[in-house]
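Listed below, chain by chain, are the residues.
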Amino acid sequence: ASTLTPTVAMSTLMPELSGHLPGCPTAVITSSIRTVAADLCQRAKVLAVEAVPIAVTIGAYEYAVSTGVTYCESTDIIAAHLILADGSKIPLRWATFSAVQRARRSWPEADDGQPVFVTARDRQTIQLAPVPDAEATLYLTVNARPTSDADVLPEWLHDEFNRELFHGVLHQLMMMPSRSWTNEKLAMYHGKHWAHRLAAARYRASTEYNVGTLSVEMRPFA
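Note that this is a predicted model, so its numbers are computed, not measured.

Caption draft 1: Summary view of the overall build of the chain. For the chain, the helix and strand inventory stands at 5 helices and 13 strands. In summary, the chain has a C-alpha radius of gyration of 22 Å against a globular reference of 17 Å for 222 residues, an excess of more than 25%. Across the 222 residues of the chain, 41% fall into the buried class. Once local pairs closer than 6 in sequence are excluded, the contacts in the chain between residues at least 24 apart make up 71%. Surface accessibility of the chain: about 12,500 Å² in total, with carbon and sulfur atoms responsible for 53%.

Caption draft 2: Looking closely at the packing of helix α2 (residues 26–44) against helix α5 (residues 184–206). Two numbers describe how α2 lies on α5: the axes approach to 9 Å, and their chain directions differ by 50°. In this view, α2 runs oblique relative to α5, as classed from their interaxial angle. Like other packed secondary-structure pairs, α2 and α5 cross with a definite hand, here right-handed. Together, Val36, Asp39, Leu40, Arg43 and Ala44 of α2 and Trp194, Leu198, Ala201, Arg202 and Ala205 of α5 make up the contact between the two elements. When its residues are assigned to classes, the contact of α2 with α5 shows 7 nonpolar, no polar and 3 charged.

What counts and how
- Residues numbered from 1 in each chain as written.
- Predicted model: local features only at pLDDT ≥ 70, side-chain atom pairs only at ≥ 80, totals over all residues.
- Heavy atoms only, no water.
- Helix = DSSP H or I, 4+ residues; strand = E, 2+ residues; numbered from the N terminus.
- Rg over C-alpha atoms; globule rule 2.2 N^0.38 Å.
- Buried < 20%, exposed > 50% of the residue type's maximum accessible area, 1.4 Å probe, protein only.
- Contact = heavy atoms within 4.5 Å.
- Areas by Shrake-Rupley, 256 points an atom, 1.4 Å probe, with all protein chains shown as cover.
- Axes fitted to C-alpha atoms, helices over the stretch in contact; angles between N-to-C directions.
- Parallel < 35°, antiparallel > 145°, perpendicular 65-115°, else oblique.
- Left-handed = near helix turned anticlockwise from the far one by under 90°.
- Nonpolar A, V, L, I, M, F, W, Y, C, P; charged D, E, K, R; others polar.

Rendered as structure tokens:
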């Protein structure tokens, strides 16, 4: 998972963008940067983080998820596991809420034990099934995105995807009707670049930012 520090201000992108958007207010550009950054993270899954560990208690099956970062919120669960009191690591399977209900008919009213599933009905809370019958610590790896009021981005994300943000913002704002910066032809141009780069970003994230599997050759001691 990726680190969220250090950060850079979203306004770092402002000088280059404003030159292509004559008359566009700073607040409008800032809002668009935030929207496009969130869209990039949501759709291309480029920002994976370790959520704050959760103390699991007996009889409680629903828990709030937090990235521990004020400007970043969880969108999807990538992986989950429990660490039991004896140190054992128990991987959990992701399943939709309806699938868990079908698989465990009596859950959650009369179904307790060691959890095997993690599920969710919204992006703010998760549920464990069966209902925990022992204390443990839950660890989640999640996809994340900037919040609706974020004003910073992780520095590495800005450096890695500044061209995606550039084309996405120009596409969005140039499509606005009847503005001094409206330009449908250029909006289409930037839209094509945005779509292409979004797909490439998702692929790059799926390879965990590497070109492929590394092989390591063992060397004898001198």
